[in-house]
Structure formats: C-alpha cells, structure tokens
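Geometric and topological summary
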Amino acid sequence: MTAPTILRSSTSLQRRLLPLYIAVFLQGFLLWVPVEKLFLTEIGFDPASVGVMAAAYAAVVPIIEIPSGILADRWSRRGVLIISSAALGLAALIGGLSNNVATYIVSALILGVYFAMYSGTLDAVVYDTVLEETGDSDDFEKRIGRVRLVESIALVASSLLGGWLAGLATPRLMYFLSVPIAALAIFAYLWFREPRLHKTEEATSLRSHLAVTYRTLIQRGKLLPIIGLAVLTSLVLQIVFEFGPLWLVALAAPAVLYGPYWAALTSTFGLGGSLAGKVQLNRLLPLSITVGLMILASLVLTRESGVLVAGIAQVVLALLIVLASIHVTRLLHDAVTSTVRSGVASGVSALSWIVFLPSALIFGIVSKQTGVHTASWMIVVVTVGVGILLFTMALRGRRAEPVIEQPEVALEARSSERGHAWNLHGSGELVSDLTCVEFVELVTAFLDGALDPITERRLVDHLPNCVGCERYLDQFRQTIQTLGDLPPQSLSSKDRDAMLAAFRDVPREP
C-alpha cells in the first residue's frame, strides 16, 4: 500500500470515528460524580445503605452484559450505544429526583444498564471500523487509545467543573444538568456510520448465535489466556479505583488532597490511551520494563509510605494496567470474528465483574481487620499474574490464532447476491469459504480497495484461519512499502536496447 493510500485511509478513519469520539466525551461528562457522596448524605444514606447500593449496581452489570452483546451482534451496535446513552440520561434524571435511599438505588440500577450496554460494544465497534477502513487491526490500539484519552479528558473536566458548580448551586442540580448532555450523545451516535462486518445476509437463529458465542468463550483453548489476562487487568483497575482512597484515609491525608488525587487517577485512562500503540507489549524489552514497573508500584502499596508516594504508586500502576488492558483488548478482538465480537467482549466483561465481587469483599474484610497495606498483597499477586500472562502472549511470537475444529453445526450464512458462504465450525468461528488460491488472486485488489464489500469480508474472514495467507499479505505489504521507498530510476536507450537484445537471444524450448 503506497504512502498516499495509507494517508487517505487514516484520514477517512479519523473522519469516520469523529462522531464516536464526540459521543464518548459527552457520555463521560458526568457533572454529578464528584459530588455524589455528598448528595447521598443529604438524602439519608449511611455506610450500610451505600454498601447495598454498590452491591445492587455490581450485580446488575454482569446480568445484562452478555444479552447486550448478543443484541449488538444481532441487531445494531450503534443502536445499543444509543440505548446506553438513554439509560445514562434516565439514571441522572431519577438520581436528581431522588429524596430517599430506595429511589436512588433505582437510579444506580439503571446506571448499571448504561455500563453493561456501553463497555464491550464500544470496543467492538471501534475494532470493526478500523478493520473496515484499513483492512487490518494494526491501528486499533492507537484508535481505542484515543477513545480512552477522550474519556479521561471528559472525566477530569467534569469532575473539576461539577465540584465548582455544586459549590455555587446544589449537588442535585448537577444531576439535572447531566441529562441534556447524555441526550446530545444520542445525536452523535446517530451521526456515526456503523460498520457492517458483523452482519450476514441471512440471519441465524438466536439459539445458534448463543451457542456460537458460548463455544467461542469456553472451548477455544488459545482464547482462555487472553480472557484470563482481560479479567486480571480489569480486577486490578477496579480494586485501585474502588479502594484507592483508603490509602489516603489510612495515612490521614487532608481533605484538600482528595480532589487532585482523584483527578490524577482518572487521568491514567487518557495517558494510557496516548501510549497505546507506541509501547509494543509484544516485544520483550518494553514488556519487561512495563511489568517490572507494575510489580514495583504494587509492592510500594504494601509499605506504610507517605501520601505522595502512595498516590504516585497508584497512578503508575493504573497507567500501566490501562496500557496492558488496551493491548489485551486487541488480542481478544483479533481472536474472534465480527459476528460474535460484541457478545464475546461483553461476556469477558461480565466475567470480570463476577470475579471482582468476591475479591472486593475479601479486600474490604482484610483491610478492616489488618489494614489496607496488608490487603495490598492481593494486588501484588494479581499484578504478577498479569505479568506472567503478558509474557506468555509475547513469547508466542504472534497474536492468537483461532482453532479450527471439525464442524458440529451445519449452518451457512449466504449472500443472495453473490452466493458466497461462511461455514460455522465447532470452534464457534464463522469461517470464510475463500480458498488460498482465490486469496492470492484477490490480494492486489484488496490492498487497492477495489473489492465489493462481500468479497472483501470473505477475504478478511479467511485471514485469521490461515497463517500462510496472513504471512503472504504481510510480505506483500512490506514489498509494496519497500518498492515505494526506492528512488525512481530510468535506463538509458543504450542499456535498454542491450537488455532487450539479451532477452531475444535466450534460446526457447521447442
């Protein structure tokens, strides 16, 4: 692919993702978050009722996660994201209208719906957009990193602005001001052009789709380490963000430090996003440095150090875990097809919440009985597990390849226009019927963007199941890039005539 083609592809991708960036910013601009605990106190919450609300919220997310992913795969990912914005606005509205514990818990439950609809679906839609625009996933970490950066900017800005406005008015007003902002996110999603890679011409039954998603999650041996890595990185982040302020409490930090501390912690989403794609975690040297710093930061939290040291250690750990989580998100999406991408991602997210619930209870009990520094050894253990799995994935030398098993279900999703087919294998993978010979014949047209959408999808779906064709495509791209970098040269008339004469003198076989 030539430099002008790459530039055009990047510009087109940036333009196409712009509405998504705007929607993400608006959804992250939550003016009520920095004053929520103050508002809860005003309407009658005590520590016990706060615990009930947190348990209800944490329980509803994994229940809705997988159904929302299936809905996104079968119906519309943009539609699911629009529902998430509507749920966010409704949660803010009910929260602002709340005057008692029961009503506010309803608001928290609806907020759980927002997070369940948003998380795995957003990653899947970014991945498919990158794949549609560029033909591969190489740019995914950079683009999802920008999404994390936008989220971080929105969180930090709304935290500062929400706290200031609440001081001038009331915390309740911050809820009402957040409702129209969530509504604007809906219009941004409507502006966004949804990728269509997950769509087939002939819809499959819900039962078959659920079976495919389940088998992809459970029966794919090479996917299990990726799922484990995703769960562990999520667990570290959730513990740090949920229990991080306990270090400040244990160290008797003044109240004035809580605001800057929280702003620094939430900024790690943006900083980690900006580093995504630049720090190559599939290379041993940067990976070794990253894992080493992760473990060192987690060990610092086990020591009774000062407030500044503990705060820096949490920020460093969160930053590096965000970076690792973006890397593992790409590994996960590389390993599955578009037709089940949202469902699988939502399933992994649900599993992360399920693991977090008992972990949070244990961490809270240990912190209460022996102190937060002793409980921090749980973070050290999980962080070491993250490092081991990162090295395991890097030492494979390539991204996880799907396992192709013998067919168990006879299913085809055919294009009525072209008659092409995708076959469902026992691994849960929709495998293109494209042959390697056809792939070689079509690769030039694919790189030039000259294929019709159906043929292009067949070619893209063939790649994860054929190491040889993937290597051939990489070599083809490298050859084009190398030739494009060579300076133009021309033969003199004398040399040209001599070369032609030499070819004419070559003896031909009878």
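**Considerations on the overall build of the protein chain**
Within the protein chain, the regular secondary structure consists of 19 helices and two strands. Here the protein chain holds 510 residues, and 50% of them are scored as buried. Considering only contacts in the protein chain between residues 6 or more positions apart, those separated by 24 or more positions represent 81%. Surface exposure of the protein chain reaches about 23,500 Å², of which carbon and sulfur atoms provide 66%.

**Considering the pattern of salt bridges**
Across all of its chains, the model carries eight salt bridges by this definition. R16 is the partner of E133 in a salt bridge, and the nearest nitrogen-oxygen pair spans 2.9 Å. Taken together, the positions of E133 in helix α5 (residues 101-134) and R16 in helix α1 (residues 3-28) put the pair 117 residues apart, joining distant regions of the chain. By the burial criterion, E133 is buried, and R16 matches it. Here E141 makes a salt bridge to R330, at a shortest N to O gap of 3.4 Å.

**Focus on helix α4 (residues 77-97)**
Over its 21 residues, α4 runs 30 Å from end to end, which matches the ideal 30 Å to within 8%, given 1.5 Å per residue. Burial within α4 is extensive, with 15 of its 21 residues counted as buried. Sitting at the head of α4, S76 places a side-chain oxygen 3.4 Å from the backbone nitrogen of R78.

**Focus: helix α7 (residues 171-191)**
The terminal C-alpha atoms of α7, which comprises 21 residues, lie 32 Å apart, in line with the 30 Å expected from a rise of 1.5 Å per residue. Listed as buried for α7 are P171, M174, Y175, S178, I181, A182, A185, A188 and Y189. Down the axis of α7, the buried set is contained in an arc of 125 degrees. They therefore lie on one face. Opposite the buried face of α7, at more than 90 degrees from it, the exposed residues are F187 and W191.

**Examining the confidence of the model for the protein chain**
Taken as a whole, the protein chain shows an average pLDDT of 77; of its residues, 76% reach a score of 70 or greater. Low confidence marks residues 1-5, where pLDDT is under 50. Its contacts with residues over four positions away, or in another chain, come to six contacts. Of the regions scoring below 50 in pLDDT, residues 398-431 engages in 102 contacts with residues more than four places distant in sequence or in other chains.

**Quick word on a nonpolar patch on the surface**
Residues L90, L93, L97, L173, F176 and L177 make up a contiguous nonpolar surface patch of roughly 470 Å² in combined accessible area. Broken down by secondary-structure element, the contributors of at least two residues to the nonpolar patch are α4 and α7. Position of L93 relative to the elements: it lies in helix α4. Assessed through its relative accessible area of 35%, L93 is described here as partly exposed.

**With respect to the packing of α5 against helix α14 (residues 341-370)**
It is the contact of α5 with α14, at a shortest axis distance of 8 Å, that shows an interaxial angle of 140 degrees. Taken together, the axis directions place α5 and α14 in an arrangement best described as oblique. In the crossing of α5 with α14, the sense of the turn from one axis to the other is right-handed. Residue-level contacts link S119, G120, T121, A124, Y127 and D128 of α5 to R341, S342, A345, S346 and S349 of α14.

**A word on the side chain of S325**
Its location among the elements puts S325 in helix α13 (residues 307-334). Engagement of the side chain of S325 in a polar contact is seen with the backbone oxygen of V322, the distance being 2.7 Å.

**Section: the environment of A86**
The residue A86 is located in helix α4 in this model. Put simply, A86 and A183 are 97 residues apart on the chain and 6.9 Å apart in space, counted from C-alpha to C-alpha.

**Description of the side chain of E151**
Tracing the backbone through its elements, the reader meets E151 in helix α6 (residues 140-168). A residue is classified by how much of its surface remains accessible, and E151, at 13% relative accessible area, is buried. With residues near it in sequence (within four places) discarded, E151 still touches V24, Y118 and L122.

**Some thoughts on the environment of G244**
The topology assignment puts G244 in the loop between α9 (224-243) and α10 (245-250). Its relative accessible area of 0% is what places G244 among the buried residues. Taking the C-alpha atoms as reference points, G244 and Y261, 17 residues apart in sequence, are found 9.5 Å from one another. With near-sequence residues (within four places) excluded, G244 lies in contact with I239, Y261 and Q314.

**Observations regarding the environment of R143**
Tracing the backbone shows R143 in helix α6. Expressed as a C-alpha distance, the spacing of R143 and V130, which sit 13 residues apart in the sequence, is 8.0 Å. When near neighbours in sequence (up to four residues on either side) are disregarded, R143 contacts S10, L13, Q14, L17, Y21, V126 and V130.

Procedures and definitions
- Residues numbered from 1 in each chain as written.
- Predicted model: local features only at pLDDT ≥ 70, side-chain atom pairs only at ≥ 80, totals over all residues.
- Heavy atoms only, no water.
- Helix = DSSP H or I, 4+ residues; strand = E, 2+ residues; numbered from the N terminus.
- Buried < 20%, exposed > 50% of the residue type's maximum accessible area, 1.4 Å probe, protein only.
- Contact = heavy atoms within 4.5 Å.
- Areas by Shrake-Rupley, 256 points an atom, 1.4 Å probe, with all protein chains shown as cover.
- Salt bridge = Lys/Arg side-chain N within 4 Å of Asp/Glu carboxyl O.
- Expected span 1.5 Å × (residues − 1).
- Polar contact = N/O pair within 3.5 Å; in protein donor to acceptor, adjacent residues only side chain to side chain.
- Arc of directions from axis to C-beta.
- pLDDT = per-residue confidence, 0-100.
- Patch = residues over 30% accessible without salt bridge, like charges linked within 9 Å, V, L, I, M, F, W, Y side chains within 5 Å.
- Axes fitted to C-alpha atoms, helices over the stretch in contact; angles between N-to-C directions.
- Parallel < 35°, antiparallel > 145°, perpendicular 65-115°, else oblique.
- Left-handed = near helix turned anticlockwise from the far one by under 90°.

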